[in-house]
Amino acid sequence: FVLDADTLEVLDCNEAVGPVYGYHKEEILGDCFLSFFPEEERLRYDQLLKSEKEIKQGRYLDRQGRFRFVHIRLSLTTYPGGDVLLACVIDITDRLQDELKLIQAGKMATLGEMATGVAHELNQPLAVIKTASSYFLRKTRKKEPIDEEILSTMAEEVDSHVNRASNIINHLRQFG
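My aim in this report is to walk through the structure given alongside it, one point at a time. Please read these numbers as outputs of a predicted model, since none were measured by experiment.

## Overview of the sheet that holds strand E1 (residues 2–4)
Then, in step 1: The sheet built from five strands is open, its strands ordered E2-E1-E5-E4-E3 with antiparallel pairing. One side of each edge strand has no neighbouring strand; the edge strands of this open sheet are strand E2 (10–12) and strand E3 (54–61). The average undirected angle you get between the axes of adjacent strands in this sheet is 45 degrees.
Then, in step 2: Both E3 and strand E4 (residues 67–79) contribute to a ladder of six bridges, which runs antiparallel. When the bridges of E4 are listed, Gly58 appears paired with Val70.

Following this line, the structure appears as structure tokens:
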């Protein structure tokens, strides 16, 4: 875009304006460049466009009223009739969406790893409890007595591993 340095009127632009903004070149010549930005943000963009050399993540509205994100590089230069701003606008919407997808995929991978770790941690106490209960069932089905010392030791082991599993679940709740 070639913009009037004071009013930000669009003096000229290339044909790439169509794919990015959804307008034909002829439709926007003479319009204010700020009209592409949300109304409530125009004052801020007016100041940024006139004072900065670069806007790394600007937000504008395309012809359909959808928000798009752009990187804008600005340079002040002379043009027949006065000073102008050259605005090189690059649509970065797709790149930002791809970055968000990568972040989400990373979060899902981390969640999967965490779930695997939790399952492993819970499996250990459950294995001890299962072994003890299988022993007790086998003895009671055969109507065999269980030595008191073995009964006490195994009951303590079961109790200890139930506490361990409970602590793992409490840590998960705190994390959540």
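## Some details on the environment of Ala127
Then, in step 1: Examined against the element boundaries, Ala127 turns out to sit in helix H4 (residues 93–141).
Then, in step 2: Residue Ala127 is classed as partly exposed on the basis of its relative accessible area of 43%.

## A word on unusual backbone geometry
The phi torsion of most residues other than glycine is negative, and most of the peptide bonds are trans.
Then, in step 1: Its identity as a non-glycine residue notwithstanding, Leu8 has a phi of 65 degrees, on the positive side.
Then, in step 2: By the element assignment, Leu8 lies in the loop between E1 and E2.
Then, in step 3: The backbone of Lys143 sits at a positive phi, close to 55 degrees, despite the residue not being glycine.
Then, in step 4: Its location among the elements puts Lys143 in the loop between H4 and helix H5 (148–175).
Then, in step 5: On the basis of relative accessibility, which here comes to 75%, the residue Lys143 falls in the exposed class.

## Side note on the nonpolar core
Then, in step 1: Phe1, Tyr21, Phe33, Phe37, Leu49 and Ile72 are the most contacted members of the largest nonpolar core, which totals 23 residues.
Then, in step 2: Elements represented by at least two residues in this core include exactly helix H1 (17–21), helix H3 (42–51), E3, E4 and strand E5 (82–91).
Then, in step 3: For Phe37, the contacting residues outside a window of four places in its chain are Arg42, Tyr45, Leu49, Arg59, Tyr60 and Ile72.

## Here's the deal with the environment of Ile72
Then, in step 1: In this fold, Ile72 is placed in strand E4.
Then, in step 2: Exposure remark for Ile72: the relative accessible area of 0% places this residue in the buried category.
Then, in step 3: Between the C-alpha atoms of Ile72 and Arg42, which are 30 residues apart in sequence, the distance is 15 Å.
Then, in step 4: Setting aside residues up to four positions removed in sequence, Ile72 forms contacts with Phe37, Leu49, Lys53, Glu54, Ile55, Ala87, Cys88 and Val89.

## Some words on the packing of aromatic side chains
Then, in step 1: Under the criterion given, the structure shown has seven aromatic pairs.
Then, in step 2: Pairing Phe1 with Phe36 gives two aromatic rings, centres 6.1 Å apart and planes at 55 degrees, and the pair type is tilted. With Phe1 in the segment before E1 and Phe36 in the loop between helix H2 (25–28) and H3, this pair connects stretches of sequence that are 35 residues apart.
Then, in step 3: In this structure, Arg59 packs its charged tip against the face of Phe67, placed 3.9 Å from the ring centre.

Rules used throughout
Residues numbered from 1 in each chain as written. Predicted model: local features only at pLDDT ≥ 70, side-chain atom pairs only at ≥ 80, totals over all residues. Heavy atoms only, no water. Pairing = 2+ DSSP bridges. Helix = DSSP H or I, 4+ residues; strand = E, 2+ residues; numbered from the N terminus. Axes fitted to C-alpha atoms, helices over the stretch in contact; angles between N-to-C directions. Buried < 20%, exposed > 50% of the residue type's maximum accessible area, 1.4 Å probe, protein only. Core = buried A, V, L, I, M, F, W, Y, C linked by side-chain atoms within 4.5 Å. Contact = heavy atoms within 4.5 Å. Phe/Tyr/Trp six-rings, centres within 6.5 Å; stacked < 30°, edge-to-face > 60°. Lys NZ or Arg CZ within 6 Å of the ring centre and 35° of its normal.

This is a description of form; function is not addressed.
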